[in-house]
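Listed here are the chains, written in short residue letters.
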Amino acid sequence: MNETVLCVVGNVATRPVYRELPSGPSARFRLAVTARYWDREKSVWTDGHTNFFTVWANRQLAVNVAASVEVGQPLVVQGRLKVRTEVREGQQQAWASADIDAVTIGHDLTRGTAAFRRSAKPETPPRAEVRPEPQWETPPAEPESQHSPEEALVT
């Protein structure tokens, strides 16, 4: 499969929106990614163009995003890039959106610290069919007779 996988570093621009869907939990937020470069003439760091991405998280990642991510925090996001274009009513030009279907999201620790907490594992539903364990016990031994084996054969 030919997918564009990328890793971006930026700041959370909007509050994460969490939804419970029939397919499972989903969360989305906007990430601002600004290029910075060293201006040799002024001897200062200068901000370049800012790109905005809509980051989509699903399943357990969505639950963890809702509990961990806030506006303004620096994040590292890795995922699949999806660019959509459409023409909206009353507009001459096509509208484009760059979305990232996130695989992993984490705080950028070059700009701060974080306290990691492992999320609780979801409970596994009980199996529909429960089979009883087989009887693995050995049957009790019969009491030994008072006679020797040779006597048992003679009688």
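Residues numbered from 1 in each chain as written. Predicted model: local features only at pLDDT ≥ 70, side-chain atom pairs only at ≥ 80, totals over all residues. Heavy atoms only, no water.

Things to note about the packing of aromatic side chains
1) Next: Counted under the stated rule, the structure contains 1 aromatic pair.
2) Next: Ring plane angle 70 degrees and centroid distance 5.6 Å describe the contact between Trp38 and Trp45, whose orientation is recorded as edge-to-face.
3) Next: For Trp38, a relative accessible area of 43% translates into the label partly exposed.
4) Next: By relative accessible area, which is 52% here, Trp45 ends up exposed. (Phe/Tyr/Trp six-rings, centres within 6.5 Å; stacked < 30°, edge-to-face > 60°. Buried < 20%, exposed > 50% of the residue type's maximum accessible area, 1.4 Å probe, protein only.)

Notes on unusual backbone geometry
1) Next: Here the phi dihedral of Ser43 falls at roughly 55 degrees; this positive angle occurs in a residue that is not glycine.
2) Next: Position of Ser43 among the secondary structure elements: in the loop between β3 (24-39) and β4 (44-58). (Helix = DSSP H or I, 4+ residues; strand = E, 2+ residues; numbered from the N terminus.)

Some details on the nonpolar core
1) Next: In terms of nonpolar packing, the biggest core is built from 18 residues, with Val8, Phe29, Leu31, Leu75, Val77 and Ile105 touching the most fellow members.
2) Next: With sequence-adjacent residues up to four places away left out, Ile105 is seen in contact with Phe29, Val55, Ala57, Leu61, Val65, Leu75, Val76 and Val77. (Core = buried A, V, L, I, M, F, W, Y, C linked by side-chain atoms within 4.5 Å. Contact = heavy atoms within 4.5 Å.)

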